Every structure is written in structure tokens, then in C-alpha cells.
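In case you want the letters, here they are:
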Amino acid sequence: MLRDITIGQYYPVQSPIHRLDPRVKLVAVLVYLVSLFIFSSFTGYIVVTIFLIAAVILSRVPFSYIIKGLKPILFLLLFTAVFHIFGTEGDVIFHWKFITVTAQGIRGGLFMSMRLIYLILGSSLLTYTTTPGQLTDGIETLLKPLEKIHVPVHDFAMMMSLALRFIPILLDEANRIIKAQSARGADFEEGNLFRRLRAMVAILVPLLVSATRRAYDLGMAMEARCYHGGTGRTKMKPLRYRHADYGAYLIVLVYLAAVIAVPRVIPFFIAK
């Protein structure tokens, strides 16, 4: 399961999406996430699917690698679908004792599951195509106006960058701990749910100790290098927009307009 967690990991490859300014990608992902909640018709997913497929093709990240990131949330997807199917009132199409399935429940479960899938796929594409350092610079630049009201923008961006950097490191550490415990006879696959959860303690405790030690070492290293925040700091590679970045902004605006207009023109299978 840990090998299937790909969120927060950078996929190194040369592509048009990788070369875009991180501010463009941050804004595009924000617009994309908002767009998933502004339509209630399945027609909207046609526009979203076209946009997402085009982004994946341009990013040159293997589709199988992206899909692998959905495995850790399969339980959440199943729970969401079941909750809507059996907990929504409407036109009954199946009833047995206390179990009732409605047409509105099936549509709602499918709609919300698709929304969750598209949300994970779109947001993951940001970290696949942007290094933590670029994300830090992009977030800090976009939020820079908040410094006028004394918001610690640089510290906030730095914390997000460090959190993203620690994800693959902790995953590798967890895999090493699992292999070490398995070599000592630990079994994480046999038994009921409670026995498996109890066995996870042998992983979580060493992982927590390792994470705490790494965080302490990182803090000491930053302090030894006289790090005191972003005040007066300059950048070796300041962000500058290029023609491709302005073109990407235009594409995002066209996408947003299409998401708003198409479901209203062609209302197909309203989810409610």
C-alpha cells in the first residue's frame, strides 16, 4: 500500500507542463478544483475529462503511475458511493428489508465518486510536474501581497515545501521498517482487522521516532546556516513569466468558461 502513495512525489521528465511557471500551475489547479464544485450535471465531467487528459498527455507522466495514486483512497471511494446509494431518498428501484436503493442515490454516489477521483488526479498532477522548491517560490510569490498585513508568507511556503519533501523520504523509511520487521518474523497480512492494526504499531513507532529525529536534524541544520525566515533574502532564480505561461492562463480561462456554460446548455443526468 505504501508503494502506491504517489501524492507529493516529483516525476522527473521534460514536458511543456514541467516547464511552466509554478504560479501558473498553482492557479490552474485552484481553478480546476473549484470547477469540480460548480456543476451538478454529468455533462460537466466531459469538459473536465478533456482538460485532464490533455494535461496528462502534455505532462508526459505515465497514466499508470497517476492511477496508482488512487489505490490508497479506494476505501474512501467505496464508502462515499455506498453512503449515497443507500442513504439518499428518491425513486426506489430496489428494496429488501431495511435496504433501499434509489435512482437518485445511484446518480449521487457515482457523481461524488467521480468528483473525488478527479480531485485527486488533478491535484496530484501538480506535485508530479513541480519540484518542492518551485512550489515554495510559487506559493510565496502568489501570497506576497499578504505580507502587508503581517502574514508570514515565506514561513508558510517553507513549511509546505518541507512537508512535501518529507513524504517520499518517510515512505522509503516505512518500507525499510516493514522489511526489517518482516525479517524478524512480523506478519502484517494475516489475522483480522484489529490484529493487523496492532501489528502496525511495530511500524508507526519507529517511523515516528525517525521523523522526529529528521525534523530535529533539519532544524539544527537551518539554525547552523543562520536561517531566520525570508526577510531580506534574494532568489538565485527569480520567477518570470514567458509567452507559454500567458497562453496557459488563457487555456485555463477557456476551460472555466466551458465548465460553466456546457452543463447549462446540455443538462444531462442531473445528479440531484
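Just so it is clear, the structure is predicted and the values come from calculations on it, not from any experiment. (Residues numbered from 1 in each chain as written. Predicted model: local features only at pLDDT ≥ 70, side-chain atom pairs only at ≥ 80, totals over all residues. Heavy atoms only, no water.)

Chemist: I tried to follow the overall build of the protein chain on my own but got confused; where do I start?
Modeler: Tallying secondary structure elements over the protein chain gives 10 helices and 2 strands in all. Taken over the C-alpha atoms alone, the protein chain extends approximately 65 × 60 × 40 Å along its principal axes. For the protein chain, the residues scored as buried account for 34% of the 272 residues in total. A sequence separation of at least 24 residues applies to 77% of the contacts in the protein chain between residues at least 6 apart. With 29 positive and 16 negative side-chain charges, the protein chain shows a spacing of 4 Å between the two charge centroids. (Helix = DSSP H or I, 4+ residues; strand = E, 2+ residues; numbered from the N terminus. Buried < 20%, exposed > 50% of the residue type's maximum accessible area, 1.4 Å probe, protein only. Contact = heavy atoms within 4.5 Å. Lys, Arg positive; Asp, Glu negative; His and termini not counted. Charge placed at Lys NZ, Arg CZ, Asp CG, Glu CD.)

Chemist: Honestly, the packing of helix 1 (residues 22-35) against helix 5 (residues 103-129) in this entry has me stumped. Any pointers?
Modeler: Describing two packed helices takes the angle between their axes plus the distance from one axis to the other. Running from amino to carboxyl end, helix 1 crosses helix 5 at an angle of 175 degrees, the nearest separation of the two axes being 10 Å. One finds that helix 1 runs roughly antiparallel with respect to helix 5. In contact with K25, L26, V29, Y32 and L33 of helix 1, helix 5 contributes Y118, L119, G122, S123, L126 and T129. (Axes fitted to C-alpha atoms, helices over the stretch in contact; angles between N-to-C directions. Parallel < 35°, antiparallel > 145°, perpendicular 65-115°, else oblique.)

Chemist: I would appreciate a short explanation of the packing of helix 2 (residues 43-59) against helix 5 in the present structure.
Modeler: Here helix 2 crosses helix 5 at 25 degrees, and the two axes come no closer than 11 Å. In terms of orientation, helix 2 and helix 5 fall into the roughly parallel class. Considering only the axes of helix 2 and helix 5, their crossing is left-handed. Where helix 2 abuts helix 5, its residues Y45, V48, T49, L52, A55, V56 and S59 lie against F111, M114, R115, Y118, L121, G122, L125 and T129. (Left-handed = near helix turned anticlockwise from the far one by under 90°.)

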